[in-house]
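Architecture at a glance
The chain contents come next:
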Amino acid sequence: MEQRYNRLAQKYNVAVPRYTSYPTMPFWDNSTFNTAYWERTVKLSFRETNHESGISVYIHLPFCESLCTYCGCNTRITKNHGVEQPYIKAVLKEWQLYFDMVEEAPVIREIHLGGGTPTFFSAENLQMLIQGILNNTIIHPEASFSFEAHPANTTAEHLQTLFDLGFRRLSLGIQDFDPKVQFIINRHQTYEQVLQVTHKAREIGYTSINYDLIYGLPLQTAEGLIDTMNIVAGLKPDRIAFYSYAHVPWIKPGQRRFTENDLPDPELKGKLHEIGRGLLTSYGYQEIGMDHFALPADELLDAQSNGLLHRNFMGYTHQHTQLLIGLGVSSISDSWYGFAQNVKNVEEYLSITEKGELPVVKGHLLNGEDLVIRRHILNIMCKGHTEWKHLTQPCSAVFDAIVRLEALADDGLIELNPLGLQVTPLGKRFLRNICMCLDARLLADQPETQVFSMAV
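Model, not experiment: these values are computed from the prediction.

**Remarks on the packing of aromatic side chains**
In the structure shown here, the tally under the stated rule is 16 aromatic pairs. The interplanar angle of 55° and the centroid separation of 5.6 Å between the aromatic rings of Tyr12 and Phe430 together place this pair among those described as tilted. Highlighted residues: Tyr12 in the loop between helix 1 (2–11) and helix 2 (35–49) and Phe430 in the loop between strand 19 (420–423) and helix 14 (431–436), separated in sequence by 418 residues. Pairing Phe163 with Tyr206 gives two aromatic rings, centres 5.6 Å apart and planes at 55°, and the pair type is tilted. Within this pair, whereas Phe163 is found in helix 5 (residues 156–164), its partner Tyr206 is found in the loop between helix 7 (191–204) and strand 7 (208–215), the two being separated by 43 residues in sequence.

**A few points about helix 8 (residues 222–235)**
In this model helix 8 runs 20 Å from its N-terminal to its C-terminal C-alpha over 14 residues, within 8% of the 20 Å that 1.5 Å per residue would give. Every buried residue of helix 8 is listed here: Ala222, Gly224, Leu225, Thr228, Met229, Val232 and Leu235. Looking straight down helix 8, one finds that the buried residues subtend no more than 160° of arc, so they occupy a single side. The exposed residues of helix 8 that point more than 90 degrees off its buried face are Glu223 and Gly234. In the core, the buried residues of helix 8 are packed alongside helix 7, strand 7, strand 8 (239–244) and helix 9 (266–282).

**Quick notes on helix 2**
With 15 residues, helix 2 should cover 21 Å at 1.5 Å per step; its first-to-last C-alpha distance of 21 Å lies within 8% of that length. For helix 2, the complete set of buried residues consists of Trp38, Thr41, Val42, Ser45, Phe46 and Thr49. Along the axis of helix 2, the buried positions cluster into a sector of 135°, meaning they face one direction only. Residues of helix 2 that are exposed and angled more than 90 degrees away from the buried face: Arg40 and Arg47. Check the buried side of helix 2 and you find it contacts strand 1 (55–61), helix 3 (84–102), strand 13 (324–327), strand 14 (332–334), strand 15 (338–342) and strand 16 (360–365). The N-cap of helix 2, judged by a side-chain oxygen 3.1 Å from the amide nitrogen of Ala36 a few residues on, is Asn34.

**Things to note about the side chain of Ser45**
Tracing the chain through its elements places Ser45 in helix 2. Non-local contacts of Ser45, meaning those with residues more than four positions away in its chain, are made with Asn50, Gln322, Leu323, Ser335 and Tyr337.

**Side note on the pattern of salt bridges**
Two side chains of opposite charge can pair, provided their charged atoms sit close to one another. Per the counting criterion, the structure on display carries 13 salt bridges. Of the charged contacts, one joins Arg239 and Asp298 as a salt bridge, the two residues approaching to 2.8 Å between their closest N and O atoms. Taken together, the residues span a long stretch of sequence, with Arg239 in strand 8 and Asp298 in the loop between strand 10 (292–294) and helix 10 (299–305) at a distance of 59 residues. For Arg239, a relative accessible area of 11% corresponds to the buried category.

**What about the packing of helix 4 (residues 123–134) against helix 5?**
It is at 9 Å that the axes of helix 4 and helix 5 come closest, and there the two elements cross at 20°. Taken together, the axes of helix 4 and helix 5 lie roughly parallel to each other. Handedness of the helix 4/helix 5 crossing: right-handed. Contact residues: Ala123, Leu126, Gln127 and Ile130 in helix 4; Glu157, His158, Thr161 and Leu162 in helix 5. Partitioning the contact of helix 4 with helix 5 into residue classes produces four nonpolar, three polar and one charged.

**Some thoughts on the nonpolar core**
Considering soluble globular proteins, one finds that nonpolar side chains tend to be buried as a cluster. Counting 74 residues, the largest nonpolar core has Ile59, Leu113, Phe167 and Tyr206 as the members making the most contacts within it. Considering every element that reaches this core, the biggest residue donor is helix 3, with nine residues. Residues within four places of Tyr206 in sequence aside, it is in contact with Phe147, His158, Leu159, Leu162, Phe163, Phe167, Arg168, Arg169, Leu170 and Ala201.

About the criteria used
Residues numbered from 1 in each chain as written. Predicted model: local features only at pLDDT ≥ 70, side-chain atom pairs only at ≥ 80, totals over all residues. Heavy atoms only, no water. Phe/Tyr/Trp six-rings, centres within 6.5 Å; stacked < 30°, edge-to-face > 60°. Helix = DSSP H or I, 4+ residues; strand = E, 2+ residues; numbered from the N terminus. Expected span 1.5 Å × (residues − 1). Buried < 20%, exposed > 50% of the residue type's maximum accessible area, 1.4 Å probe, protein only. Arc of directions from axis to C-beta. Contact = heavy atoms within 4.5 Å. Polar contact = N/O pair within 3.5 Å; in protein donor to acceptor, adjacent residues only side chain to side chain. Salt bridge = Lys/Arg side-chain N within 4 Å of Asp/Glu carboxyl O. Axes fitted to C-alpha atoms, helices over the stretch in contact; angles between N-to-C directions. Parallel < 35°, antiparallel > 145°, perpendicular 65-115°, else oblique. Left-handed = near helix turned anticlockwise from the far one by under 90°. Nonpolar A, V, L, I, M, F, W, Y, C, P; charged D, E, K, R; others polar. Core = buried A, V, L, I, M, F, W, Y, C linked by side-chain atoms within 4.5 Å.

Below you can see the structure in the form of structure tokens.
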């Protein structure tokens, strides 16, 4: 089995999107996008779903005191904490624009604070932010609030303040405990810091703690990863996101602190992936979708078992909302019928919101074919199967994809039949490759240069 996986990993190790959206961002058609159409799709989605399922809100807090050189996020490096309040006021102005747009109290189903480093902000300022978001809204009875945190700067005050505001989920960015790896990626936190934050969060009452881990980092070894996994097993977080390192120095120049020679070669990276998956399974974690693992009692597992698992720009979630409003620099909003991304520069963001305008810089309005393909890709990513027997309209892209999928069926990644496909246990490692067979926009317009990270 291992030999077969290694052969396939080599064959399918190509540049592939991660499919947090379809179409993927490089293939958004910005020429047909404008804010008036975007607002129309927001209002439509809000009317269709607000009372039933509510909406999700993602807030991007970009500031970090130091640059983690592996990071692919939009960040602003500064030690000046005077940036906090002006930024929060701008986010609340943006939120008010959406609030006024829908003309009715939003039902908040999900809030996620991402970054950057949300715990760069003081507990007091985070309280001002969240209270401003929740003012005059309705909190859904099944609401789920979560935030990302750096173990080295997360205080008991952060944890208690956010808990009092309704947050029950905490995600700690760890990546690797190996000191050599932490040094080269400039991401420093000790076991003691992680232990302290984890124990304090549980003592306060947080019901779900997630650790982010990465394989394929520079100087990472099998022995070091095993040590990291053993430490994690002792701390027993409820969820683990075990991501592949995406080496894209042409997009993120900070990654040039190290070279390709410092990275595990594809064979070792594949081995690291298999070691990590095997250890997590042996610790009692179950695999969810792509890159995610959870203990049996976790809500993600229930959602997967019941066919309710969902994937959006925040990752996998047991909450399924049609409308996601992204606030802050570079945030992406999703109305199901369209996507919109904010400007990426902090000063530009502050200036535009000060004028009372939406800080949207680009987007995409989905056509009928996009919506069909998007549904199939979501099914593959979240359910491990999809069906086209229920297509209500002809979609030539799906029928073209069936021909491409036959090769993956021959390799044992999927079971293909006239009515749909089922991902096999082996195929779970190649979900991105399976989805790419359906990606009509990518296949019609192959990029001349590498845009996406490698599959393995």
